[in-house]
Amino acid sequence: MLELPGLIDPHVHLREPGGTHKEDFETGTIAALAGGFTAVLAMPNTQPPLVDSASLELAQLAARAKARCDYGIFLGAGEGNTSAASALAPWACGLKVYMDHTYGPLRMQSLPALIEHFQRWPGSRPIACHAEGHSLAVVLAMAHLFDRRVHICHVSTAVEIQLIRLAKERGTQVTCEVTPHHLFLSKSNLPALGSGRGEVRPRLATPEDVAALWESLEVIDCFATDHAPHTLAEKDGEQPPPGFPGLETALSLMLGAVNEERLGMDGLVLRMHTNPQRIFDLPPQRESRIEIDEDHVWEVRGVELHSRCGWSPFEGMKLRGRVRRVYLRGQLAYEDGQALAPPGSGRDLISTPVPA
Ligand code: DOR
Ligand code: ZN
Ligand code: ZN
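Starting from 1, residues in each chain are numbered consecutively following that chain's sequence as written. All chains are assigned letters beginning with A, and all ligands numbers beginning with 1, in the order in which they are written. With the structure being a predicted model, the display of local features is reserved for residues of pLDDT at least 70 and the display and counting of side-chain atom pairs for 80 or more, all residues being used for whole-chain, interface and lining totals. Heavy atoms throughout the structure, all of them, feed into the side-chain values; hydrogens and water do not.

Observations regarding the overall build of the protein
Cut-off, in case you're wondering: Helix numbers and strand numbers start at the N terminus; a helix is a DSSP run of H or I with at least 4 residues, a strand a run of E with at least 2. Our radius of gyration is a C-alpha quantity, and the globule rule it is checked against amounts to 2.2 Å times the number of residues to the power 0.38. Relative accessible area decides the class of each residue, using a 1.4 Å probe on protein chains only: under 20% of the type maximum gives buried, over 50% gives exposed, and in between gives partly exposed. Every accessible area reported is derived by Shrake-Rupley at a probe size of 1.4 Å, with residue values counting cover from the shown protein chains alone. When charges are tallied, Lys and Arg are placed among the positive residues and Asp and Glu among the negative ones, while His and the ends of the chain are skipped. By convention, charge coordinates are those of NZ in Lys, CZ in Arg, CG in Asp, or CD in Glu.
Scanning the protein from terminus to terminus reveals 12 helices and 14 strands. Scaling as 2.2 N^0.38, a compact globule of 356 residues should have a C-alpha radius of gyration of about 21 Å, and the protein matches this with 19 Å. The burial tally for the protein puts 59% of its 356 residues in the buried class. When the accessible surface of the protein is summed, it comes to about 13900 Å², and 50% of that surface belongs to carbon and sulfur atoms. For the protein, the distance from the average position of its 33 positive side-chain charges to the average position of its 43 negative side-chain charges is 2 Å.

Okay, here's the thing in structure tokens:
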């Protein structure tokens, strides 16, 4: 049995408020436990988006009642909430800026508003950015000019990882994450996935981009799932929304990379526990650990996963290594397919003082 510290996923969409037919704080955190995560950081592109105290409170209330693992909640950067956002910083695990079009209405098109967010956001936690291509160059310049920490979400291309490497070498305060789907899937998988199910932002990249990410592991601070559940009816419908679920397949995929000696076990723990905790300044989750049956081979079947969305882009893939037990702050929270931690037992890692 392999034992690891509880994993931390710094990028998930739990869809609450407003999208609970896709996922909610309960199903999403059960999926997290099943995947070996004891903490997740939830994104603000909900309905309504989390851009002020009323909307943030809606998400906090839902999480407080339903979460079965620990969590933090991001605040969204809007064009009209620059002062509200900085005032709410003590309750958020970070500020999320959407520079490019993706799911939901949050998008930063105003340069003055972007500048104001960078000027006002307090220093301790990063500004997380969905910033592809040219947008990445903009937020790296902002981080440099305003001396702010940025965390670049789901880096997917060779040129992006190269730019982040250069920025790090020049002393810009930048960290980044890559998703398992951008490490294990490329455009070449699109015909098999089908056009709706293959929709994701950033899009699946070329095999050369995927190779460049693997060759740049030392630049990648975290592996983050960007768990973005949408129902199959939506994915197979007229206007398929972008996004893949990922919480329940991430660890097994990354353990596959360890088996193939593309990644060391230390490197996995660094990117799925230590760095997310350090970058988002999360308190330690004492006595939190996971037990994994390393040799267990299983086939991904969407209908068997805990996420409400009921599908996976890795459908049919045989993966090695499965989570048997999860201990959250000393309590057995998950065992062999069953979540044992009750709804509401997950803690807000940001707002609630965690006892030493
Ligand atoms: O594919 C994506 N889906 N990319 C995003 O940036 C948002 C996400 C979602 O919320 O569905
Ligand atoms: Zn994104
Ligand atoms: Zn996302």
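A few points about the site of ligand 1
Formally: A molecule or strand has a residue near it when one of that residue's heavy atoms lies within 4 Å. Any pair of nitrogen or oxygen atoms within 3.5 Å is treated as a polar contact; in protein, a donor-acceptor pairing is required on top of that, and neighbouring residues in sequence qualify only through side-chain atoms on both sides.
In the neighbourhood of ligand 1, 14 residues make up the surrounding shell, with Arg15, Asn45, Thr102, Arg201 and His230 lying closest. Here an oxygen atom of ligand 1 sits 3.2 Å away from a polar atom, N or O, in the side chain of histidine 13. In this structure, an oxygen atom belonging to ligand 1 sits 3.0 Å away from a side-chain N or O atom of histidine 130. Notes on ligand 1: free accessible area 290 Å², of which the protein chains cover 100%.

Here's the deal with the sheet that holds strand S3 (residues 37-42)
As a reminder of what qualifies: One requirement defines pairing of two strands: DSSP has to find at least two bridges between them. Axis geometry follows a simple rule: fit a line to the C-alpha atoms, using only the stretch in contact for helices, then measure angles between N-to-C directions, giving values from 0 to 180 degrees.
The parallel open sheet is built from 3 strands, whose spatial order is S2-S3-S4. Looking at strand neighbours, the two that pair on one side only are strand S2 (7-12) and strand S4 (70-73), the edges of this open sheet. On average, each strand axis in the sheet is tilted by 15° relative to the strand beside it, whichever way the strands run. Pairing between S2 and S3: 4 bridges, direction parallel. Note that in S3 the partner of isoleucine 8 across the bridge is alanine 39.

Things to note about the coordination of the zinc ion (ligand 2)
Keep this limit in mind: Any N, O or S atom lying within 2.8 Å of the metal counts as a donor, and for Na, K and Ca the limit rises to 3.2 Å; water is left out, so some sites can look incomplete.
Taken together, the protein ligands of the zinc ion (ligand 2) are His130 (ND1) and His154 (NE2), with distances of 2.1 Å. Between the two metal centres, the zinc ion (ligand 2) and the zinc ion (ligand 3), the spacing is 3.6 Å. Taken as a pair, histidine 130 in strand S7 (residues 127-130) and histidine 154 in the loop between strand S8 (150-152) and helix H6 (158-169) lie far apart in primary sequence, 24 residues in all. Judged by relative accessible area, which is 2%, histidine 130 ranks as buried.

As for helix H1 (residues 25-34)
We apply this condition: Only heavy atoms matter for contacts: two residues are in contact if any of them lie within 4.5 Å across the pair.
Burial analysis of H1 places 9 of its 10 residues in the buried class, which makes it a mostly covered element. Looking at the packing, one finds that the buried side of H1 touches S3, helix H2 (53-66), S4, strand S12 (318-328), strand S13 (331-335) and strand S14 (338-339). Where H1 begins, one side-chain oxygen reaches toward the backbone nitrogen of glutamate 26, 2.8 Å away; that side chain belongs to aspartate 24. Directly after H1, the chain includes glycine 36, whose backbone phi takes a positive value near 95°.

Remarks on the nonpolar core
The cut-off we apply is this: Buried Ala, Val, Leu, Ile, Met, Phe, Trp, Tyr and Cys residues that are joined via side-chain atoms within 4.5 Å together make up what is termed a nonpolar core.
In terms of nonpolar packing, the biggest core is built from 82 residues, with Val40, Val97, Ile152, Leu251 and Leu268 touching the most fellow members. Setting aside anything within four residues of it in sequence, one finds valine 40 in contact with Asp9, Val12, Leu14, Thr29, Ala32, Cys69, Asp70, Tyr71, Gly72 and Leu247. In terms of nonpolar packing, the next biggest core, distinct from the first, is built from 16 residues, Met43, Phe74, Cys93 and Ala128 among them.

Quick notes on the coordination of the zinc ion (ligand 3)
Distances from the zinc ion (ligand 3) to its protein donors, His11 (NE2), His13 (NE2) and Asp226 (OD), fall within 2.0 to 2.1 Å. Counting gaps between the donor residues of the zinc ion (ligand 3) yields the pattern H-x1-H-x212-D. Under the relative-accessibility criterion, histidine 11 is labelled buried at 1%.

Concerning the pattern of salt bridges
Two side chains carrying opposite charge are able to pair once their charged atoms lie near each other. Threshold: For this document, the term salt bridge refers to a Lys or Arg side-chain nitrogen within 4 Å of an Asp or Glu carboxyl oxygen.
Tallied over the full model, the rule gives 19 salt bridges. With a closest N to O distance of 3.3 Å, arginine 308 and aspartate 24 form a salt bridge. Within this pair, whereas arginine 308 is found in the loop between strand S11 (289-299) and S12, its partner aspartate 24 is found in the loop between S2 and H1, the two being separated by 284 residues in sequence. Take arginine 308: its relative accessible area is 37%, and that puts it in the partly exposed class. Residue arginine 325 is joined to glutamate 335 by a salt bridge in which the shortest nitrogen-to-oxygen separation is 2.9 Å.

Some words on the pairing of S7
Short version of the rule: If you view a crossover with the strands going away from you and the path from the first strand over the helix to the second runs clockwise, you call it right-handed.
Neither face of S7 is left uncovered, since the one carrying Ile127 and Cys129 and the one carrying Ala128 and His130 both have all their residues buried. Looking at chain direction, strand S6 (residues 95-98) and S7 are connected through 4 bridges and run parallel. Across the sheet, residue valine 97 finds its bridge partner in S7, namely cysteine 129. As for the winding sense of the linkage, the β-α-β connection from S6 through helix H4 (residues 111-120) to S7 is right-handed. As paired strands, S7 and S8 are joined by 3 bridges and run parallel to one another. Within S8, the residue paired with alanine 128 across the bridge is histidine 151. In this view, the connection linking S7 to its parallel neighbour S8 by way of helix H5 (residues 134-146) has right-handed handedness.

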